[in-house]
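Each chain, letter by letter, is given below.
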Amino acid sequence: MSLQCGIVGLPNVGKSTLFNCLSNAKAQSANFPFCTIEPNVGVITVPDERLARLAELVHPGRIVPTTVEIVDIAGLVKGASKGEGLGNQFLGNIRETDAIIHVLRCFDDDNVVHVDGSVDPVRDKEIIDAELQLKDLETVEGRLPRVEKLAQVGGNQDAKVEYEVLKAYKAALEQGKSARTVQFDSKEAQHAARNLFLLTAKPVLYVCNVDEASAKTGNAYVEKVREAIKDEDADLLIVAAQTEADIAELETYEDRQLFLQEIGLEESGVNRLVKAAYKMLQLETFITAGPMEVKAWTYRRGWKAPQCAGVIHTDFERGFIRAEVIKYEDYVRLGSEAAVREAGLLHIEGKDYVVQDGDIMHFRFNV
């Protein structure tokens, strides 16, 4: 399952520094706008302590974590919706992603210029929001006349549904609201909304890039952002990108953990960000465990057993018979699959079973 989160923000807010920490890629990070022209794509391992714990019990040949793709998109500027600053190219890159990681500068540093001359993360957020909203409004207004004609003249039921969706989006966007603030009750309307691929309909995670002293609790800039997004369906994460870059330079795991402890963090911002991005995409993990490998598999929250079987191989879904499910906690507590079976805690589930995060699964199929 290939899903992407796009890192966006104004120039010089720390996007590429953060991306480099995430992917260990070498995206150019320089003190001037547009140092990232083509989107850099990194395949990021999703941290999952459960895999290491299971490996201690199973002793597999290898451990295979799940991944998510992160795209570093060049800095947007005011006027991007009209093509300013290579805006059309950048907005096209955003459209191809499944979710947005919006990086906001929440630190003071005279050595790092700000494209607008001062540090104000709420203003920066509003600039990006406005550009994305204007582009979405352009999309909606361009589509409305044709859909309206189909709905009124052709009697097309799908067109009628889409027409109502477009009108709702137009009203919200004209008020300076993002498309994600509009909710639809019917499945037909939800389907029509998804098919518009609006930029501001994508889920968003706001990342406040702070200095090292603010890495644990944030600062006044962060609180302003928190207040600004309180009515949005969005999460906020505090990360000190430059500090994360310094941590990434350390050679051993022990040194990195010691550094984190010194600044009062239990887990790196990079790990927290990847986990938050995974959650934002409504992704969860089921696990297969055996002597060959302990492997994490990605699925959409709410998927049933046959759909998850199809993640491994389409034949598994097509010929699905049943799933044998062990809860992670039971496996770790009892120490082996054999012990779980002996205790009667291996569950046989059918086609309607909704897979839960951390389930250890075997699929039976016949094709």
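Calculation criteria
- Residues numbered from 1 in each chain as written.
- Predicted model: local features only at pLDDT ≥ 70, side-chain atom pairs only at ≥ 80, totals over all residues.
- Heavy atoms only, no water.
- Helix = DSSP H or I, 4+ residues; strand = E, 2+ residues; numbered from the N terminus.
- Buried < 20%, exposed > 50% of the residue type's maximum accessible area, 1.4 Å probe, protein only.
- Contact = heavy atoms within 4.5 Å.
- Core = buried A, V, L, I, M, F, W, Y, C linked by side-chain atoms within 4.5 Å.
- Phe/Tyr/Trp six-rings, centres within 6.5 Å; stacked < 30°, edge-to-face > 60°.
- Lys NZ or Arg CZ within 6 Å of the ring centre and 35° of its normal.
- pLDDT = per-residue confidence, 0-100.

Asker: Looking at this model, I keep getting lost on the side chain of Thr243. Mind explaining?
Answerer: With respect to the element layout, Thr243 can be found in helix H8 (residues 241-249). For Thr243, a relative accessible area of 5% translates into the label buried. Residue contacts for Thr243: discarding those within four places in its chain leaves Glu212, Phe259 and Ile263.

Asker: Whenever I open this one, the nonpolar core confuses me. Can you help?
Answerer: Inside soluble globular proteins, nonpolar side chains tend to come together where they are buried. Grouped together as the largest cluster of nonpolar side chains are 62 residues, with contacts concentrated most on Leu22, Ile70 and Ile101. Element by element, the count of residues in this core is highest for helix H10 (residues 269-280), at seven residues. Setting aside chain neighbours within four positions, we find Ile101 in contact with Cys5, Gly6, Ile7, Val8, Ile70, Leu205, Val207, Leu273, Ala277 and Met280.

Asker: What am I meant to see in the packing of aromatic side chains here?
Answerer: Centre distance and the angle of the planes are the two values used to describe a pair of aromatic rings. The full count for this structure, using the stated rule, is six aromatic pairs. An aromatic cluster is defined as three or more aromatic residues linked by ring pairs; in this entry it consists of Phe286, Trp297, Tyr299, Phe320 and Phe363. Taking NZ or CZ as reference, Arg105 lies 4.5 Å from the ring centre of Phe107, over its face.

Asker: Got a minute to help me understand the confidence of the model for the chain in this structure?
Answerer: Detailed reading of the predicted model is not advised wherever pLDDT is low. In the predicted model, the chain carries a mean pLDDT of 86, and 89% of its residues have values of at least 70. Low confidence marks residues 25-37, where pLDDT is under 50. Its contacts with residues over four positions away, or in another chain, come to 35 contacts.

Asker: For this particular structure, what's the right way to read unusual backbone geometry?
Answerer: With the exception of glycine, most residues fall at negative phi, and the peptide bonds are largely trans. Located in the positive-phi region is Asn12, a residue other than glycine, with phi close to 65°. With respect to the secondary-structure elements, Asn12 resides in the loop between strand S1 (4-8) and helix H1 (15-23). With relative accessibility at 12%, the residue Asn12 sits in the buried group. The backbone phi angle of Phe197 is positive, close to 50°, even though this residue is not glycine. Tracing the backbone shows Phe197 in the loop between helix H6 (187-194) and strand S6 (204-209). Look at Phe197 and you get exposed, because its relative accessible area is 51%.

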